[in-house]
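Residue-level structural notes
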Amino acid sequence: MADSPLESRIPPLNALKAFEAAARRLNITRAAEELSVTPGAISQQIRILEQHAGAPLFHREGRQIALTELGAELYPLLHDGFDYLKRAGDLIYRPNRRHALAISVPPSFASKWLAPRIVRFSAAHPDIEVWMSADMRLADVGGGRVDVAIRYGRGDYSGVRSERLLSADVIPVCSPTLLSRLKKPADLAHEVLIHLRPSELEEPRPDWPSWLAARKLINIDAGSGPRFDQTALAIEAAAHGQGVALAPHAFVAEDLALGRLAAPFADGALTTPLAYHVLTRRSGISEPARAFVKWIKEETRNAEQLVDDL
């Protein structure tokens, strides 16, 4: 079978490789060492290429070589070409190691808890590529659009397997600059209370009226103050000195440990029967999803231990 017009105009690959190595190093001996051949073989391949070109590619002065005008024009094309070939080879021979894992997570859980930790999962499982969607809506886990979902609530979700992950008990938090003004819960009467706006997509969260009622504090305005639609935003407002927020202890444990936030009251926790749960399909869970669930359950155990130690 005759060569195609394109194939007939491509010089021998070994000659191209020898020229590229010699042109890059401007040294025949080093080019030979790189390609594991003799200097004589490099010189022979360059002569073959020069025969195809019909002109010299190097000026030779003793042991020194320099590119001719044609050689200087040819070298960058070959250098880039071999670089693309190497990258293509890496792609072809790379193991089929990237398995996609789609997870759906509430925005505040994603930003305040999962995002800082997900790098550890990726390091432990470089074969799994995580696609994270921060969404308040209940994901279609059973239908297969999402492999794993994290949701806040009672855990009674139909059509999926649900496992409790993380407590949603809340504590008051503020910036360290406000801490000196808060000796006892009654001092909240003189501070701005930061609220979380109720969501139609989630179960109600513990709020200031319930926190104050649990401590029989009736002379504090539990309704005034700024409102945010995400816990993460309320936490950031508190960290910047805009008032006192109620936040899940697990979300603020590291900020407390780092001194970015302060918890003004030793007995400030308000428990709730609600928690964060991990949702997966009832059958046919993928290996990447299984690995993620195992990892996140271990991470949440460590996180709750950190909360207990604070």
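The structure displayed is predicted, hence computed values, not measured ones. (Residues numbered from 1 in each chain as written. Predicted model: local features only at pLDDT ≥ 70, side-chain atom pairs only at ≥ 80, totals over all residues. Heavy atoms only, no water.)

1. Side note on helix α6 (residues 107–114)
Since the α-helix turns once every 3.6 residues, residues separated by three or four places project in the same direction. This is how it is decided: Think of it in three bands: residues with accessible area under 20% of the maximum for their type are buried, residues over 50% are exposed, and the middle band is partly exposed, with areas taken using a 1.4 Å probe on protein chains only. Working definition: helices are DSSP H or I runs of at least four residues, strands are E runs of at least two. Numbering for both runs from the N terminus.
Taking burial as the measure, the eight residues of α6 include seven buried ones, the bulk of the element. Restricting attention to buried positions, one finds in α6 the residues Pro107, Ser108, Phe109, Ala110, Lys112, Trp113 and Leu114.

2. What to know about the sheet that holds strand β6 (residues 161–167)
Selection rule: Between any two strands, at least two bridges found by DSSP are needed for them to pair. All axes here are fitted lines through C-alpha atoms, helices being fitted over the stretch that makes contact, and every angle between N-to-C directions spans 0 to 180 degrees. Any pair of residues with heavy atoms lying within 4.5 Å of one another is described as a contacting pair.
The five strands lie next to each other as β4-β3-β5-β11-β6, forming an open sheet whose pairing is mixed. This sheet does not close on itself; its edge strands, each paired only once, are β4 (128–134) and β6. Put simply, the sheet's adjacent strands are angled 25° from each other on average, direction ignored. Sheet topology note: the strand β3 (residues 99–105)/strand β5 (residues 148–153) ladder contains two bridges and is parallel. Directly across from Ser104, in β5, lies its bridge partner Ala149. Against the sheet, α6 makes contact with β3, β4, β5, β6 and β11 (275–280), and its axis sits at roughly 115° relative to β3, the strand it touches most.

3. Some points on the side chain of Arg151
Stated precisely, the cut-off is as follows: Counted as a polar contact is a pair of N or O atoms within 3.5 Å, where, for protein atoms, one must be capable of donating a hydrogen and the other of accepting one, and residues adjacent in sequence contribute only when both atoms are in side chains.
Relative to the helices and strands, Arg151 resides in strand β5. A polar atom in the side chain of Arg151 sits 2.7 Å from the side chain of Ser104.

4. A look at the confidence of the model for the chain
Any region with low pLDDT has predicted coordinates that should not be read closely. Quick reminder of the rule: By definition, pLDDT measures how confident the predictor is in each residue, and it falls between 0 and 100.
The predicted model of the chain has a mean per-residue pLDDT of 88, with 91% of residues at 70 or higher. Note that residues 1–7 has pLDDT below 50 and, in this model, one contact with residues that lie over four places away or in other chains.

5. Focus: helix α4 (residues 39–53)
As a reminder of what qualifies: Helix span, expected: 1.5 Å multiplied by one less than the number of residues in the helix. Starting at the helix axis, one direction is taken to each C-beta atom, and the arc is that of these directions.
The end-to-end C-alpha distance of α4, which contains 15 residues, comes to 21 Å, matching closely the 21 Å that a straight helix rising 1.5 Å per residue would cover. Three or more residues of α4 are buried, namely Ile42, Ile46, Leu49 and Glu50. The buried residues of α4 all sit within an arc of 105° when viewed along its axis, so they share a single face. In α4, the exposed positions angled more than 90 degrees off the buried face are occupied by Gln51 and His52. Of the residues flanking the end of α4, it is Gly54, one or two places downstream, whose phi is positive at about 75°.

6. Observations regarding the layout of surface pockets
To be explicit about the condition: A cavity, in this analysis, means grid points on a 1 Å lattice covering only the protein atoms where a 1.4 Å probe fits yet has no way out; a pocket is instead an open set bounded by protein on both sides within 12 Å along at least five of seven lines, and a residue lines either one if it has an atom within 4 Å of a point. Grid points are joined across faces, edges and corners, and a volume is the space filled by probe spheres set on the points. Side-chain classes are defined by residue name, with Ala, Val, Leu, Ile, Met, Phe, Trp, Tyr, Cys and Pro counting as nonpolar, Asp, Glu, Lys and Arg as charged, and the others, Gly among them, as polar.
Within this model, the largest pocket holds a volume of roughly 470 Å³. In terms of lining residues, the largest pocket is bounded by 29 residues, among which Leu196, Arg197, Pro198, Arg205 and Pro206 are the most central. Of all elements in the fold, only α6, β8 (193–196), α8 (208–214), α9 (231–239) and β10 (244–248) reach the threshold of two or more residues within the lining of the largest pocket. Sort the elements by how many residues they give to the lining of the largest pocket and β8 lands first, with three residues. Classifying every residue of the lining of the largest pocket by side-chain character gives 17 nonpolar, five polar and seven charged. Estimated volume of the second largest pocket: approximately 400 Å³.

7. Observations regarding the packing of α6 against α9
Put simply, the test is: Angles are sorted into four bins: roughly parallel if under 35 degrees, roughly antiparallel if over 145, roughly perpendicular if 65 to 115, and oblique for all others.
The geometry of α6 relative to α9 is characterised by a closest axis approach of 7 Å and an angle of 50° between their N-to-C directions. Classified by the angle their axes make, α6 and α9 are oblique. Facing α6, whose interface residues are Ser108, Ser111 and Lys112, α9 presents Thr231, Ala232, Ile235 and Glu236. Classifying every residue of the contact of α6 with α9 by side-chain character gives two nonpolar, three polar and two charged.

8. Things to note about the pattern of salt bridges
A side chain of one charge can pair with a side chain of the opposite charge if their charged atoms are brought near each other. Keep this limit in mind: Any Lys or Arg side-chain nitrogen located within 4 Å of an Asp or Glu carboxyl oxygen qualifies as a salt bridge.
Applying the stated criterion to the full structure yields 17 salt bridges. Ionic pairing is found between Arg260 and Asp255, a salt bridge with its closest N-O pair at 3.5 Å. You can call Asp255 buried: its relative accessible area is 11%. Each of Glu20, Arg24, Arg25 and Glu34 takes part in a single network of salt bridges with overlapping partners.

9. Observations regarding the side chain of Lys112
For Lys112, the location among the structural elements is in helix α6. Owing to a relative accessible area of 15%, Lys112 belongs among the buried residues under this scheme. In this structure the side chain of Lys112 is engaged in a polar contact, spanning 3.0 Å, whose partner is the side chain of Asp255. Residues in contact with Lys112, not counting those within four places in the same chain, are Arg117, Ala232, Ile235, Glu236, Phe251, Asp255 and Arg260.

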